[in-house]
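The chain contents come next:
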Amino acid sequence: MAVHVTDGSVKAQPVKAQPDRAEPKVEIYDTTLRDGSQQVGLDLTVADKLHVASVLDGLGVDVIEGGWPGSNPKDAEFFERVKQMELRHATLAAFGATRLPGRRVEDDASLAALLAAETPIVTLVGKAWTLHVDEALRTTRAENLAMVSDSVAYMAAAGRRVVFDAEHFFDGYQADRGYALEVLAAAADAGADTLVLCDTNGGTLPDDVGRIVAEVADRSRTAIGVHFHNDASCAVANSVVAVAAGGLHVQGAANGYGERCGNADLFSIIASLELKRGHSLLPSGRLAALASTARTVAEVANLPFEARQPYVGSSAFATKAGLHASAIARRPDAYSHVDPSTVGNQAQVLVSELAGRSNVLAKAEELGLDLTSDPSLAGQVLEQVKTAEHRGYAFEAADASFELLVRKTAGVLPSWFELEGYRVVIERAGTTDRSEAIVRLLLGTDRVVAVGEGVGPVHALDQALRRGLAEVYPALAGIHLVDYKVRILDGRAATSAVTRVMLTSADADGEWTTVGVSDDIVTASWEALADGVMYGLLRAGAQALTEVEISEAV
Ligand SMILES: [Zn+2]
């Protein structure tokens, strides 16, 4: 049985060699927060997930799949908290499986959790390969079709747009074409809006993908989407081929994150389809944010950013100059496949994403700081950022530290406190760790010495700093630490390894991230801590002690 046979009058566009703007918009569906976070070593907190969602929304992807609310409390919490977030472009999707065999949809806890997530889109995954129905699900093929049909109809009746992920579709299609198509038909007839052909084991090659997607799309009245894994190193190629064959919805993950060899890298797919196939996928002008988005997501994920990553990596357009230097300078287009600036990248080696003048200005503007009126100030900030980034600072994911740096350079940062010095004692007794910190601060003309205790040196320093400031700045009581990440950076400028600390603080209105870098982990942590507290005081509108004294004297 075929899916909605339309006797030859095909809906999908034939494959075209030339770009055609009139083609229907291809939907970009991000699954970083669900499938991408299956990657070993990628562990996102709820705060991280919210941060990644806002970054991807800023880039302009169409759909953000937030997670699997029925599978773990963290994802359920994400969907609760994301309701407070204002997404500018993206629509949220929640992911889940079709109902269990022999169970009524109304009694299925996983479907109930999906409804409770209250997302406009629900993505349901169902089996499309007979081997999996027989061996993994261990139910009848008819019951599997009923599971798909009932679950899709249930979500559609609840007013959700339903995306149906046909798991193992390509393997299933090659093993039993008729049944794989019956599964799609069951979902489409029940009201699914998009049928996603998934290459769950990731082993399908581009020629098979092109043929199968064209065969399915040509016969389907429902939009066809695709979801590839990279086990044969073809996930991006398969996605591009699938779109040429009539696919109208592409799923992928930031930086190709995902289990085993990863999901299709959404950033490469977007760049290839926009720059080489004439598709408009992101809102106008946002393609230039691709490189900084890729880097920011890597920072939030606390994973090393791959220099060789196509389009967005720092080496993606770096040529070993040597003899060709003058030729490259004369005709840069002869040595790179696209203009690096189209994706927000640069041709040089070791130039950070942010350190470009236009990026710094854009970033400052985003934070509400106008640097354009004073060209010398913009130049000074740029120099500071370059120097800091060379030492290992990363400001893409640490907006708060960047804003403090700009304000300090511009001479508009209040001096709430100054550090005279600190001492930390680390003690281990039996199996218990305990640390004590003594912090000496200058508050205006006063000198304050405060002691803090904690489970580790950073905790103790945080306690001591707060104790020292609490009386003068009561706003600090509403500020707390929510996340602490450490990364060892090596191979930089042939010096010894340095430690970078990223620290996220929060008050009742939101969160902010600060960064510290040093050879020593405690010093790096102190920097990030002090920045975090200062930024919190800035948000709270706390007046520096000296200003208070001055205003009282006047
Ligand atoms: Zn997958």
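Relevant structure appears above.
Cut-off values and rules
- Residues numbered from 1 in each chain as written.
- Predicted model: local features only at pLDDT ≥ 70, side-chain atom pairs only at ≥ 80, totals over all residues.
- Heavy atoms only, no water.
- Helix = DSSP H or I, 4+ residues; strand = E, 2+ residues; numbered from the N terminus.
- Expected span 1.5 Å × (residues − 1).
- Buried < 20%, exposed > 50% of the residue type's maximum accessible area, 1.4 Å probe, protein only.
- Donors = N, O, S within 2.8 Å, 3.2 Å for Na, K, Ca; no water.
- Salt bridge = Lys/Arg side-chain N within 4 Å of Asp/Glu carboxyl O.

Caption draft 1: Structural view of helix α16 (residues 457-470). Over its 14 residues, α16 extends 20 Å from the first C-alpha to the last, a length consistent with the 20 Å expected when each residue adds 1.5 Å. Among the residues making up α16, those that are buried are Val458, Ala460, Leu461, Asp462, Ala464, Leu465, Arg466, Gly468 and Leu469.

Caption draft 2: Just the coordination of the zinc ion, in detail. Asp35 (OD), His227 (NE2) and His229 (NE2) make up the full set of protein donors to the zinc ion, lying at 2.0 to 2.2 Å. Written as a sequence motif, the donor residues of the zinc ion are D-x191-H-x1-H. With Asp35 in the loop between β1 (27-30) and α1 (46-59) and His229 in the loop between β7 (223-228) and α9 (235-244), this residue pair connects regions lying 194 residues apart in the sequence. Look at Asp35 and you get buried, because its relative accessible area is 5%. Judged by relative accessible area, which is 2%, His229 ranks as buried.

Caption draft 3: Looking closely at unusual backbone geometry. Here the phi dihedral of Ser233 falls at roughly 65°; this positive angle occurs in a residue that is not glycine. Here Ser233 shows up in the loop between β7 and α9. Look at Asn255: it is not a glycine, yet its phi comes out positive at around 55°. Within the fold, Asn255 resides in the loop between β8 (249-252) and α10 (266-277).

Caption draft 4: Region of interest: the pattern of salt bridges. Under the definition given, this model contains 35 salt bridges. With a closest N to O distance of 3.0 Å, Asp48 and Lys485 form a salt bridge. Here Asp48, found in helix α1, pairs with Lys485, found in strand β12 (residues 480-489); they are 437 residues apart in sequence, far enough to count as distant. Judged by relative accessible area, which is 13%, Lys485 ranks as buried. Several salt bridges converge on common partners, so that one network encompasses Glu427, Arg434, Glu436 and Glu453.

Caption draft 5: The arrangement of the environment of Leu131 in detail. One can find Leu131 in helix α4 (residues 130-137). Classification of Leu131 as partly exposed rests on a relative accessible area of 43%. Through-space distance from the C-alpha of Leu131 to that of Asp176 is 9.3 Å; in sequence the pair is 45 residues apart.

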